[in-house]
Amino acid sequence: MADEILVGGVWRRGSGAVVESLSPLNGSVIARVHGADPADVDEAVRAGAAVAADPSWRDLLPHERARHLTRIADSIAASAEDLAALQTCDTGKSINETRALVASAQGTFRYFASVLETMDETLTVPRGPYVTMSVHEPIGVVGAITPWNSPIASDAQKIAPALAAGNAVVLKPAEWTPLVSLALARVITDSGLPSGLLSVLPGPGGVTGDAIVRHPGIGKVSFTGGTATGRAIGAVAAQKIMPVSLELGGKSPTIVFPDADLDQTLAGLLFGIFSSSGQSCIAGSRVFIHGSVYEQFLDELVERTRKLRIGPGADPATQVAPLVSHVHRDRVAAMVDRARGEGARVLCGGGVPEGEEYETGAYYLPTILDRLPNDSATCQEEIFGPVLVALPFEDEDDLVAQANDSVYGLACGIWTRDYRRAWRIARRMDAGTVWINTYKQFSISTPFGGMKESGIGREKGREGIAAYMRQKSIYWGMTEEPHSWAG
Ligand code: NDP
């Protein structure tokens, strides 16, 4: 891959430090890319502002902007296999998952194109001799900052609605995984999007990301990542009085009632925590099991966990692929060691897999822990790896108290045949998304986001475009009489 980034419509070498993408399979350097420095950020923002204000883009009608998004979706479809393979190479994720993420990115552009075709503006009810309406307009240039776990899908979730809204976008992908975001940028620019509307600027968060957030020309930041970073970005946004949307971390509970369908629940739990090797904001990382079935259910869960196929992401049979990097794998391992120190029982996993084929990769065994109180660090902190902690509960009140006793509020899963109980629990949970007898299913038409320290704002859904717009109210006077106040 050429050492080029996309700065204000120009593919060229970045002026910042070198960002290295390392192979999760053996730690070797896959690519070296010069990242963006603050001067590159400035150039990208200025170019974006100029093209966003140019009548050839600014005055496009929604259905005309929709055509750009549809062309981008078609180009993603044409490059789907290459994009999926590249993301597997960069993030380690299994090829089945990266294919699904590319399909999701394509669907996101198509969805927002169709929203553009069907959007309404509102005539509001007048209280005098005027007509009043509320319209939405582009912000100008928006910043988008994404993490390393699902880059193409999270990039698309920001770029598509932001462009649909008529903005220019300056995107900063994570340092560990810049490649697929740059490849997506090639696909998007090749599809004929006006030059300068999209910049993709890899680089360290504290330098490149910070420069984007602080830049006076950036009118909104949409961020996905960890809660600590989100808090820092929110503080800068508060100083600028700038809107910000924050999709942050989670420690999501999944709940097993004794009447749940056993096979479906086991499969859903395994998928919910161990797919993506647990590197998912919505991973169902705490399982609450009713006390009456606790040990039997756990035995079965542990047995099935031991059978999961661990291997390289490129193998379609792999269920649990290496983690994104050896550094991250070692962090996960340290958290499991801390759990041991807290007194955890390690029911399975708890280390790296044995065997020659696993020696060089950033593998970690799917791990299940229990016998920890809900207020232990292991039960409270996001691990972002293939680690599940099990807790028993007695009744609904006990369950809700324990499950909601978390700073996070991203997602929740409920497994029961009793739909009345599912409804009661769903309404009591602090969670932006609740899955009932399913988990980790996503529809682009359904808003997504967190409660509490899992974030502010929603992505996806018809309102996803309005999140990248400024609202304006317009009053049209309809009387020919001068105002009576003036006599
Ligand atoms: P980080 O918060 O460390 O990083 C996310 C992005 O922010 C990266 O691009 C990073 O750059 C950048 N960044 C870091 N510091 C700053 C800063 N001061 N100013 C601006 N940008 C900055 O998260 P991770 O990459 O470790 O991702 C994992 C986290 O993301 C988990 O907590 C996970 O739950 C969350 N997440 C949330 C999702 C959601 O939708 N709610 C979805 C997916 C993940 P760099 O890495 O290059 O330094």
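Residues numbered from 1 in each chain as written. Predicted model: local features only at pLDDT ≥ 70, side-chain atom pairs only at ≥ 80, totals over all residues. Heavy atoms only, no water.

## Notes on the sheet that holds strand 22 (residues 469–477)
Pairing in this open sheet of three strands is antiparallel, and the strands run 5-6-22 from one edge to the other. Two strands bound the open sheet, and with one partner strand each, they are strand 5 (122–124) and strand 22. Strand-to-strand twist of the sheet, defined as the mean angle between neighbouring strand axes without regard to direction, takes the value 30°. Where strand 6 (residues 130–138) and strand 22 come together, nine bridges link them in antiparallel fashion. By the bridge assignment, Val-135 is partnered in strand 22 with Lys-472. (Pairing = 2+ DSSP bridges. Helix = DSSP H or I, 4+ residues; strand = E, 2+ residues; numbered from the N terminus. Axes fitted to C-alpha atoms, helices over the stretch in contact; angles between N-to-C directions.)

## Looking at the nonpolar core
If you look at the biggest cluster of nonpolar residues, it comprises 78 residues, and the most contacted ones within it are Phe-109, Ile-159, Leu-198 and Val-221. In terms of residue count, the dominant contributor to this core is helix 5 (residues 95–118) (10 residues). Every residue in contact with Phe-109, bar those within four places of it in the chain, is listed here: Leu-69, Ile-72, Ala-73, Ile-76, Ala-156, Ile-159, Ala-160 and Ile-188. Counting residues in each nonpolar core, the second largest holds 33 residues, with Leu-266, Val-293, Tyr-363 and Tyr-439 among its members. (Core = buried A, V, L, I, M, F, W, Y, C linked by side-chain atoms within 4.5 Å. Buried < 20%, exposed > 50% of the residue type's maximum accessible area, 1.4 Å probe, protein only. Contact = heavy atoms within 4.5 Å.)

## Some points on the pairing of strand 7 (residues 141–145)
Most of strand 7 is tucked away: five of the five residues are buried. Note: strand 7 against strand 8 (residues 168–172), five bridges, orientation parallel. Directly across from Val-141, in strand 8, lies its bridge partner Ala-168. A crossover connection joins strand 7 to the parallel strand 8 through helix 6 (residues 151–164); in handedness this β-α-β unit is right-handed. Pairing of strand 7 with strand 10 (residues 218–224), which is carried by five bridges, proceeds in the parallel orientation. The residue bridging Ala-144 from the neighbouring strand is Ser-222, located in strand 10. (Right-handed = clockwise from strand over helix to strand, strands pointing away.)

## Re the domain arrangement of the protein chain
Parsing the protein chain into structural domains produces domain 1 (5–248 + 454–474) and domain 2 (253–436). Measuring from the centre of the C-alpha atoms in domain 1 to the corresponding centre in domain 2 gives 31 Å. If you look at the interface, domain 1 gives 21 residues, while domain 2 gives 31 residues. The junction of domain 1 with domain 2 conceals about 1800 Å² of combined surface from both sides, 57% of it contributed by carbon and sulfur atoms. Interface area lost by domain 1 to domain 2 is led by Trp-148, Trp-176 and Ser-454, which between them contribute 28%. In this assembly, domain 1 and domain 2 are joined by zero salt bridges. Our count for the domain 1 to domain 2 interface comes out at 10 residue pairs in polar contact (both at pLDDT 80 or more). Breaking the side of domain 1 that touches domain 2 down by element, the ones donating at least two residues are helix 4 (80–91) and helix 5. Among the elements that take part in the side of domain 1 that touches domain 2, helix 5 stands out by supplying three residues, more than any other. Residue classes in the side of domain 1 that touches domain 2 are distributed as six nonpolar, 12 polar and three charged. (Domains from an automatic or database assignment. Buried area = accessible area lost by both parts, 1.4 Å probe. Salt bridge = Lys/Arg side-chain N within 4 Å of Asp/Glu carboxyl O. Polar contact = N/O pair within 3.5 Å; in protein donor to acceptor, adjacent residues only side chain to side chain. Nonpolar A, V, L, I, M, F, W, Y, C, P; charged D, E, K, R; others polar.)

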